[in-house]
Amino acid sequence: MNVNMEQLQEFYKGKKVLVTGHTGFKGSWLVRILTLAGAEVSGYALTPPQTGIFSIAGLKDTIDSRIGDIRDLNHLKEVFHQVQPEIVFHLAAQPIVRDSYKDPVYTYETNVMGTVYVLECIRQETCVKSFLNVTTDKVYENREWEYGYRECDPLDGYDPYSNSKSCSELATHSYQKSFFEDGRCRISTARAGNVIGGGDFANDRIIPDCIRAASEGKEIIVRNPHSTRPFQHVLEPLGAYLTIAMKQYEDRKYEGYYNVGPDDCDCVTTGELTDLFCQAWGGVSWINRYDGGPHEASFLKLDCSHIKKVFGWRPRYGVKEAVEKTVEWSKAYFRGENMLEVTDRQIQEFFRG
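As the structure is a prediction and not an experimental result, all values here were calculated from the model. (Residues numbered from 1 in each chain as written. Predicted model: local features only at pLDDT ≥ 70, side-chain atom pairs only at ≥ 80, totals over all residues. Heavy atoms only, no water.)

Caption draft 1: Here's a closer look at the packing of aromatic side chains. Considering all chains together, one arrives at 13 aromatic pairs under this definition. Ring plane angle 90° and centroid distance 4.7 Å describe the contact between phenylalanine 11 and tyrosine 12, whose orientation is recorded as edge-to-face. Comparing phenylalanine 11 with tyrosine 12, the two get one shared label, buried. Aromatic pair phenylalanine 11 and tyrosine 249: ring centres 5.2 Å apart, planes at 80°, arrangement edge-to-face. One end of the pair, phenylalanine 11, is in helix 1 (residues 5-12); the other, tyrosine 249, is in helix 9 (residues 235-250), and 238 residues separate them in sequence. Put simply, the rings of Phe201, Phe277, Trp281, Trp329, Tyr333 and Phe334 pair up and form one aromatic cluster. Geometry around phenylalanine 179 places arginine 123 over its ring, the cationic atom sitting 5.1 Å from the centre. (Phe/Tyr/Trp six-rings, centres within 6.5 Å; stacked < 30°, edge-to-face > 60°. Buried < 20%, exposed > 50% of the residue type's maximum accessible area, 1.4 Å probe, protein only. Helix = DSSP H or I, 4+ residues; strand = E, 2+ residues; numbered from the N terminus. Lys NZ or Arg CZ within 6 Å of the ring centre and 35° of its normal.)

As structure tokens, this is what we get:
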């Protein structure tokens, strides 16, 4: 059974929840869901970009938003001490593969030591009962074979981003075994695929690139149309994250490692995804312009049978519907609509039950 809004409200109402990386794309959608569920939401993240969903939807005024760097342990400790969260979602990261080649040190500092600092705060503050570290499908040693990676497959990661997220997983496992075997805080990691949705204007991502080009009446440039990725709507993994944190809070048997991705039929190439975007937007086209950039895996797929078996979780949207929902949000934005209302409407539709 997929969780619905009524179940989220029943569990999260009144609970103190801290989200790191709350000003980012996924973090913004997550804090809004939590707010609608009645949680007392705090966030810790860098200053949000003016073009992102956090600023566009005016989320700063709806939660306790703390601006800070995840690499600043002393500041992070202050926030944990003041907020006294019961549940922590760790999303703060340097999330772009190509940027990790440009600045590997910053990537490792943020993605590895940032995770260690969050875990250290949880170790020192006894208030936290449930912690979820959000990583990526790229944590696996990618042999580019046809079957989906399972939670028991080896971790590695080729590029600095992927490798740093593998290290983040290992640090989490170590802290869990070293300091939380008594069960006072239940700990899991979630490995999600590529997400799309309204309000993502990041550089070097295919759908944001499509939206920018389409809104300006330009051709879409696709640099690697043959890469296969597990694309899904942003609300899919967020529903899974909320379920994992809730269930392990209630029973530590749900602690573990979880893949969260689309069904095999929705693992499409970047070119196929762009075709779906062009159909949904209308009046736009794309061209293949491979730029010979740094190494990125050309084939990646997850086996999500574990989370399906444990929680009965299933993707709600196929990739076509995910693209259509993204286009719907984006066109509403360019029409000047109230984007908090549009965001809330999409959340309520998704979690209708």
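We are not done yet, so read on.
Caption draft 2: The arrangement of the sheet that holds strand 2 (residues 40-45) in detail. The strand order across the open sheet built from 7 strands is 3-2-1-4-5-6-11, with neighbouring strands paired in parallel fashion. Either end of the sheet is taken by a strand with one partner, and the two such strands are strand 3 (64-67) and strand 11 (256-260). Across the sheet, the axes of successive neighbouring strands diverge by a mean angle of 15°, strand direction being ignored. Sheet topology places strand 1 (residues 16-20) next to strand 4 (residues 87-90); 4 bridges connect them, and they run parallel. (Pairing = 2+ DSSP bridges. Axes fitted to C-alpha atoms, helices over the stretch in contact; angles between N-to-C directions.)

Caption draft 3: Expanded view of a negative patch on the surface. A surface patch of like charges, here negative, comprises Glu6, Glu10, Glu250 and Asp251. Since its relative accessible area comes to 61%, glutamate 6 is described here as exposed. (Patch = residues over 30% accessible without salt bridge, like charges linked within 9 Å, V, L, I, M, F, W, Y side chains within 5 Å. Areas by Shrake-Rupley, 256 points an atom, 1.4 Å probe, with all protein chains shown as cover. Salt bridge = Lys/Arg side-chain N within 4 Å of Asp/Glu carboxyl O. Lys, Arg positive; Asp, Glu negative; His and termini not counted. Charge placed at Lys NZ, Arg CZ, Asp CG, Glu CD.)

Caption draft 4: How the structure looks around unusual backbone geometry. At glutamine 84, a residue that is not glycine, the phi angle is positive and equals roughly 55°. Tracing the backbone through its elements, the reader meets glutamine 84 in the loop between helix 4 (73-83) and strand 4. For glutamine 84, a relative accessible area of 29% translates into the label partly exposed. The phi angle at aspartate 204 is positive, at roughly 65°, despite the residue not being glycine. Assignment of secondary structure puts aspartate 204 in the loop between strand 7 (195-196) and helix 8 (206-215).

Caption draft 5: View of helix 10 (residues 270-281). A rise of 1.5 Å per residue sets the reference length of helix 10, with its 12 residues, at 16 Å; its end C-alpha atoms lie 16 Å apart and thus fit the reference within 8%. Listed in full, the buried residues belonging to helix 10 are Thr270, Gly271, Leu273, Thr274, Leu276, Phe277, Cys278 and Trp281. As for helix 10, its buried residues are in contact with strand 7, helix 8, strand 8 (220-222), strand 12 (268-269), strand 13 (286-288) and helix 12 (319-334). Glycine 282 lies just past helix 10 and shows a positive phi near 85°. (Expected span 1.5 Å × (residues − 1). Contact = heavy atoms within 4.5 Å.)

Caption draft 6: A look at the environment of leucine 300. If you trace the backbone, leucine 300 turns up in the loop between strand 13 and helix 11 (305-311). Setting aside its immediate chain neighbours within four residues, leucine 300 contacts Asp137, Lys138, Asn142, Tyr149, Thr228, Arg229 and Pro230.

Caption draft 7: Local environment of the pairing of strand 5 (residues 130-134). Across the 5 residues that make up strand 5, a large majority, 5, are buried. The alternating pattern of strand 5 places Ser130, Leu132 and Val134 and Phe131 and Asn133 on opposite faces, both of which are buried. Across 4 bridges, the pairing between strand 4 and strand 5 is parallel. Residue pairing for strand 5: histidine 90 is matched across the bridge by asparagine 133. Taking the sense of rotation as the criterion, the β-α-β connection linking strand 5, helix 7 (residues 160-179) and strand 6 (residues 186-192) turns out right-handed. (Right-handed = clockwise from strand over helix to strand, strands pointing away.)

Caption draft 8: Quick look at the nonpolar core. If you look at the biggest cluster of nonpolar residues, it comprises 82 residues, and the most contacted ones within it are Tyr12, Leu34, Phe89 and Phe277. Looking at this core element by element, the count peaks at 8 residues for helix 9. Once residues within four sequence positions are removed from consideration, phenylalanine 277 is found in contact with Ile207, Cys210, Ile211, Ala214, Ile220, Val284, Val323 and Val327. Counting residues in each nonpolar core, the second largest holds 23 residues, with Val79, Phe80, Val83 and Leu119 among its members. (Core = buried A, V, L, I, M, F, W, Y, C linked by side-chain atoms within 4.5 Å.)

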